[in-house]
Amino acid sequence: MSSGYEDYEQPREDWLRGLLNRVFYALILLAFIILLTCWFLPLLRERQKQQKELVHLKEQVEAERTLLNKQTKRLNLLQNDRGYLELLARDKLDLMKPGETIFRMDQPSDGK
């Protein structure tokens, strides 16, 4: 004859088994997240490094573009402006026109 008390421990074991299953699934999820992080972290660092290099290269391009514009303007003046060419020649040869006064200012030196 069965009194019905044989299954008394069954609900407690099911509750414990359910809790352990949840903990197990949480640990698997945590391990998966850690693996993804370990996989993507070097890629993110490489991307940041490339972004910094891209910014540096863009700055270099801009500096070179500025220099090109300056040199192109100077070349245009040398080819087309006789007054500019005369000014450069007189400055280089330390010559002056009659009645002209030249004022020279020296660059400040680093007197360290």
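About the cut-offs
- Residues numbered from 1 in each chain as written.
- Predicted model: local features only at pLDDT ≥ 70, side-chain atom pairs only at ≥ 80, totals over all residues.
- Heavy atoms only, no water.
- Helix = DSSP H or I, 4+ residues; strand = E, 2+ residues; numbered from the N terminus.
- Buried < 20%, exposed > 50% of the residue type's maximum accessible area, 1.4 Å probe, protein only.
- Areas by Shrake-Rupley, 256 points an atom, 1.4 Å probe, with all protein chains shown as cover.
- Phe/Tyr/Trp six-rings, centres within 6.5 Å; stacked < 30°, edge-to-face > 60°.
- Patch = residues over 30% accessible without salt bridge, like charges linked within 9 Å, V, L, I, M, F, W, Y side chains within 5 Å.
- Salt bridge = Lys/Arg side-chain N within 4 Å of Asp/Glu carboxyl O.

Caption draft 1: Highlighting the overall build of the protein. Counting secondary structure elements, the protein contains two helices and zero strands. When each of the 112 residues of the protein is scored for burial, the buried share is 1%. Of the roughly 11600 Å² of accessible surface on the protein, 61% is carried by carbon and sulfur atoms.

Caption draft 2: Summary view of the packing of aromatic side chains. Per the counting criterion, the structure on display carries two aromatic pairs. Here the aromatic rings of Phe 24 and Tyr 25 are separated by 6.0 Å at their centres, their planes lie at 55°, and the arrangement is tilted. Its relative accessible area of 55% is what places Tyr 25 among the exposed residues. Where Trp 39 meets Phe 40, the ring centres are 4.7 Å apart and the plane angle is 55°; that geometry is what we call tilted. On the accessibility criterion, Trp 39 (56% relative accessible area) is exposed. According to the relative accessible area criterion, Phe 40 is partly exposed, its value standing at 39%.

Caption draft 3: Structural view of a nonpolar patch on the surface. A grouping of Leu 29, Phe 32, Ile 33, Leu 36, Trp 39, Phe 40, Leu 41, Leu 43 and Leu 44 is seen on the molecular surface, where their side chains present a nonpolar patch of about 900 Å² in accessible area. Note that Phe 32 resides in helix α1 (residues 10-80). For Phe 32, a relative accessible area of 48% gives the class partly exposed.

Caption draft 4: Layout of the pattern of salt bridges. Counted by the stated rule, this structure contains four salt bridges. For Glu 86, the salt bridge identified is with Arg 90, shortest N-O distance 3.6 Å. Here Glu 86 and its partner Arg 90 are both found in helix α2 (residues 82-93), four residues apart, which amounts to about one turn of the helix. Here Glu 86 falls in the partly exposed class, since its relative accessible area comes to 35%. Ionic pairing is found between Glu 86 and Lys 97, a salt bridge with its closest N-O pair at 3.2 Å. Of this pair, Glu 86 sits in helix α2 while Lys 97 sits in the segment after α2, and the two are eleven residues apart along the sequence. Each of Glu 86, Arg 90 and Lys 97 takes part in salt bridges that share partners, so that together they form one network.

Take it as geometry only, folks, not as evidence of what the structure does.
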